[in-house]
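Now for the letters of each chain:
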Amino acid sequence: MYLERVRAKGNSYLYLKTYHVREHYSSNKLTLYKFGRVETALENMYHWEQDFKAFPSELKQIGCTKENLASWIDTLETRLHSKNRIVV
């Protein structure tokens, strides 16, 4: 799983995606969750970090944890991926 930033109409939107091999598709990216605009997504993530009960059940069902949430927040704050330090 990884975060992907998409620019559209002057705004940046944030998606949680994964690679998934699919026949007859030009892209092997599969969107797991749509966070919305980056600013709103970061505010929501801060809230979820304080109150993990409010964390979306869709994310819990696909196996996302509090550690993933902390990593996402770090990625958005620094604009770098924590594993490889690649600019987002």
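Residues numbered from 1 in each chain as written. Predicted model: local features only at pLDDT ≥ 70, side-chain atom pairs only at ≥ 80, totals over all residues. Heavy atoms only, no water.

Enquirer: Give me the nonpolar core: which residues, what numbers.
Expert: In this structure, Leu 14, Leu 16, Phe 35, Met 45, Trp 48, Leu 59 and Trp 72 are the most contacted members of the largest nonpolar core, which totals 17 residues. Every element with two or more residues in this core is listed here: strand S2 (11-19), strand S3 (29-37), helix H1 (38-50) and helix H3 (66-78). It is H1 that provides the largest number of residues to this core, a total of five residues. (Core = buried A, V, L, I, M, F, W, Y, C linked by side-chain atoms within 4.5 Å. Buried < 20%, exposed > 50% of the residue type's maximum accessible area, 1.4 Å probe, protein only. Helix = DSSP H or I, 4+ residues; strand = E, 2+ residues; numbered from the N terminus.)

Enquirer: Go over the packing of aromatic side chains, please, and point to the residues and values.
Expert: This structure, assessed with the given rule, holds six aromatic pairs. Ring geometry for Trp 48 versus Phe 55: centroids 5.6 Å apart, planes at 90 degrees, classification edge-to-face. Neither Trp 48 nor Phe 55 differs from the other in exposure class; each is buried. A network of ring pairs unites the aromatic residues Tyr 33, Phe 35, Trp 48, Phe 52, Phe 55 and Trp 72 as a single cluster. The lysine or arginine in question, Lys 17, covers the ring of Tyr 15, its NZ or CZ lying 5.5 Å from the ring centre. (Phe/Tyr/Trp six-rings, centres within 6.5 Å; stacked < 30°, edge-to-face > 60°. Lys NZ or Arg CZ within 6 Å of the ring centre and 35° of its normal.)

Enquirer: Outline the packing of H1 against H3, supporting the account with residue identities and numerical values.
Expert: In contact at an axis separation of 10 Å, H1 and H3 are set at 140 degrees when each is read in the N-to-C sense. The angle between the axes of H1 and H3 places the two elements in the oblique class. The element H1 and its partner H3 pack so that their crossing is left-handed. The segment H1 lies against H3, with Val 38, Leu 42, Met 45, Tyr 46, Trp 48 and Glu 49 engaging Lys 66, Leu 69, Trp 72, Ile 73, Leu 76 and Glu 77. Of the residues belonging to the contact of H1 with H3, the class tally is nine nonpolar, no polar and three charged. (Axes fitted to C-alpha atoms, helices over the stretch in contact; angles between N-to-C directions. Parallel < 35°, antiparallel > 145°, perpendicular 65-115°, else oblique. Left-handed = near helix turned anticlockwise from the far one by under 90°. Contact = heavy atoms within 4.5 Å. Nonpolar A, V, L, I, M, F, W, Y, C, P; charged D, E, K, R; others polar.)

Enquirer: Before we move on, can you summarise H3 with the specific residues and values?
Expert: Taking 1.5 Å per residue as the helical rise, H3 with its 13 residues ought to reach 18 Å, and the 18 Å between its terminal C-alpha atoms agrees with that figure. Among all positions of H3, only Leu 69, Trp 72, Ile 73, Thr 75 and Leu 76 are buried. For H3, the angular spread of the buried residues around the axis is 160 degrees, confining them to a single face. Elements in contact with the buried residues of H3: strand S1 (2-8), S2, S3, H1 and helix H2 (57-61). The positive-phi residue at the C-terminal boundary of H3 is Arg 79, with phi of around 60 degrees. (Expected span 1.5 Å × (residues − 1). Arc of directions from axis to C-beta.)

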